[in-house]
Structure formats: C-alpha cells, structure tokens
Amino acid sequence: MQNFTYKDFGVDIDSGNAFVERLKPLVASTFSPLVLGGLGGFSGCFELPKGYQNPVLCAATDGVGSKLTLAITHNRLENIGIDLVAMCVNDLICDFATPLVFLDYYAMNALDIEKSLVILQGITQGCKLAGCALIGGESAEMPSVYGKGDFDLAGFSIGVAEKADMLKRESVKDGDIILAFQSSGFHSNGYSLIRGIIESKKLDLSQVFDSKDSKNANMTLLDGLMKPTRIYTNIFAKFKDKFKALAHITGGGLRENLVRVLPQNTQAVIESKAIKVPKIIEFFLPFVDSKEAFRVFNMGVGLCVIVDKSEVDSIVKNSDAYAIGRIESSQTKQVILR
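Residues numbered from 1 in each chain as written. Predicted model: local features only at pLDDT ≥ 70, side-chain atom pairs only at ≥ 80, totals over all residues. Heavy atoms only, no water.

Draft legend 1. Expanded view of helix 4 (residues 113–130). With 18 residues, helix 4 should cover 26 Å at 1.5 Å per step; its first-to-last C-alpha distance of 25 Å lies within 8% of that length. For helix 4, every residue scored as buried is listed here: Ile113, Ser116, Leu117, Ile119, Leu120, Gly122, Ile123, Thr124, Gly126, Cys127 and Ala130. (Helix = DSSP H or I, 4+ residues; strand = E, 2+ residues; numbered from the N terminus. Expected span 1.5 Å × (residues − 1). Buried < 20%, exposed > 50% of the residue type's maximum accessible area, 1.4 Å probe, protein only.)

If you want it as structure tokens, here you go:
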C-alpha cells in the first residue's frame, strides 16, 4: 500500500514551521507591554488599557481586494500589508476606537517563504504605523483552491473606545464644517474598474504620469497605483477631542460613506471643486463618468471629519486638512455633491 504525505498534495508542514520561526522577531517588534504571551499560542491575548470609564471594544475586518492582482502580476508585494492594516484600522477610528491589536489571514497556493516574508513585513510596518500589535494570524496552503502564485489576504483588528465618544456624532449640527484629509491615491478601492481600464485601453504601466511634480518626476503609473493606503490613526490621536464624526472614504465614495455618520435631520453639502484630486486619480478620470468616479473612488479624500467651525483653524494649521463642505439642516439625511 502506498503511503501519502501532506507534502505530496502541496502542503509542506516543515516549510510552514520554518516560516513561523522567521516571523517571530517581526511580530514581536509590534508588541506593547499589554501583549500577553507571544506568537505560537492558540489565540492572541491583550490586556485592556486602563483609563477608560466605559470602554467599548470595536472590531473591523477587511481585505486588499483586486489590488492584489496588480501586486501579484508585477511582484509589488512590499506595501500590500500596509493596505491590509489600513483598511481595518481606518474603519475603527470612525467609531472613535483606538486600534489595539491586528490579526491576519493569508491563504495561498503554496508557501514561498521569501515572498511571504515581504508581505508580512508590510503588515508589521502597517501595525507600527497604526500603533497596534500583531498578535496572531493564520497562513494556509490550499493548492486545490488557489492557482499557482495566487493568494489572498484578510485582516482583523480590535480597538477600544470610550462609550461617550461614540455618541459625539449625535451633536453634529447645522453650520458644522466638513474637513478632508488627503488620500495617497486610490487606496484599496476601485481596482476592478482600474484594471478594466488598463486592459481595455492597453495602458503602459511603465509610463511616467506626473512629470510636472518634482517629487514624483519619475513615478510610473504602476508606482502610483501601488501606493499604500494612508493610515490615519495618528491624525485621530492628535485631534480626536475636536472631532464630532469621522468617515473613512472607501467603496461607495463620499456619498455612501459620509452619510453613515450623519444624524437625522442633517445633510452634508460637499463642494466638489474644493477637493484636491491626486494626479494618479486624475489620470484615470477621462475614462470614467464623473458620477461613477465619485461613487467608486475616494477622489483624493481618504478621511472626512466633521467639526465645529471654531475648531477649523487649529486643525488646518497643524495638519494637511482642508475644508470641503458644511452641514445643513434637512428633513432628508443625505450627502449632496455640488
């Protein structure tokens, strides 16, 4: 009788164990004193920080989406881990939660240790930028599910909020100002549309698209498309006492995300011409109807916040924020783009 092994069917346990050993110092570099134990347990454990009167745990999960296809095709794996962390922690802060911990799920056809380490280095870098600890994860070889060279990523993050802060959005009122914090580009949304445009128009991703900007004089289309999602946790930590509401602008654009934090009897009025659209997004706008572009892309606004008008000057002076609209009374809760 023939004896089979897991490795005969594409799963190498020894390689996986070697991968974990090489991961341990990377993961440990994200730890804070609140982490209990280390990598290798059955779960990741984290002590709740002190100082909260009514702490609420908030959880978020997300992925990188079809941006992964570009990353895999062009071997640009170094920043997608940042994207993964950003898409989760940027959601958490919209509930006034400070990110505490992060976990990843990494499923693939077969483990390539060197490429996998590049991806996990990006995740640890994202965790450091977000100020949270990478306390666990799962790497799964599934050759019967994924084609050769393919993989997928999912992220999970938990944060803690003061319950009273979560109710601040109810104080949003007529006359409040909407501020925008710039995105680094498309972030991790709209890439099915972007890839469709690239393929149908046969775009050369090696072409330089922003020669007028000295900072990006040699930036190619691929460089611009692979810029990692900006992480806004430092902005949140710096100004959270001034914010009434925050909206992470992802799929659905300004309309479908900002409306989620409006109280009843208010509407947000956005001045479209005030928005500073990044060059990489501008490049693709001729191929997309304006209404569709605002529905799919962030258009240069990665994070929207609503503040009392008395707070505007101090925030603008000490960050890259700028005003793009205002709150008005309305019988219908909606976002209007003018």
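Draft legend 2. Local environment of the nonpolar core. In this structure, Leu225, Leu258 and Phe284 are the most contacted members of the largest nonpolar core, which totals 71 residues. Apart from residues lying up to four places away in sequence, leucine 258 is in contact with Ile178, Ala247, Ala268, Ile270, Cys304, Ile306 and Val335. Ranked by size, the runner-up nonpolar core spans 18 residues in total, among them Phe96, Ile177, Phe243 and Val312. (Core = buried A, V, L, I, M, F, W, Y, C linked by side-chain atoms within 4.5 Å. Contact = heavy atoms within 4.5 Å.)

Draft legend 3. Broad picture of the sheet that holds strand 3 (residues 55–63). A sheet is described by the order of its strands in space; here 4 strands give the open sequence 3-6-4-5, paired in mixed fashion. Of all strands in the sheet, those bounded by a partner on one side alone are strand 3 and strand 5 (133–141). Sheet twist, expressed as the average angle between the axes of neighbouring strands with direction ignored, equals 15°. The sheet contact formed by strand 3 and strand 6 (residues 151–162) spans 9 bridges and is antiparallel. Across the sheet, the residue bridging to leucine 57 is valine 160, located in strand 6. Those strands touched by helix 4 are strand 4 (98–108), strand 5 and strand 6, and its axis lies near 165° from that of strand 4. (Pairing = 2+ DSSP bridges. Axes fitted to C-alpha atoms, helices over the stretch in contact; angles between N-to-C directions.)

Draft legend 4. Structural view of the pairing of strand 5. Across 8 bridges, the pairing between strand 4 and strand 5 is parallel. If you follow tyrosine 105 over to strand 5, its bridge partner there is glutamate 138. Crossover handedness for the path strand 4 to helix 4 to strand 5: right-handed. (Right-handed = clockwise from strand over helix to strand, strands pointing away.)

Draft legend 5. Molecular detail of the sheet that holds strand 9 (residues 266–270). Spatial ordering of the open sheet is given by 8-10-7-11-9-12, a layout of 6 strands whose pairing is mixed. Each end of this open sheet is capped by a strand with a single partner; those strands are strand 8 (245–248) and strand 12 (334–337). The mean inter-strand angle of the sheet, taken between neighbouring strand axes irrespective of direction, is 25°. Relative to strand 10 (residues 301–307), strand 7 (residues 177–182) runs antiparallel, the two sharing 6 bridges. Within strand 10, the position partnered with isoleucine 178 by the bridge is isoleucine 306.

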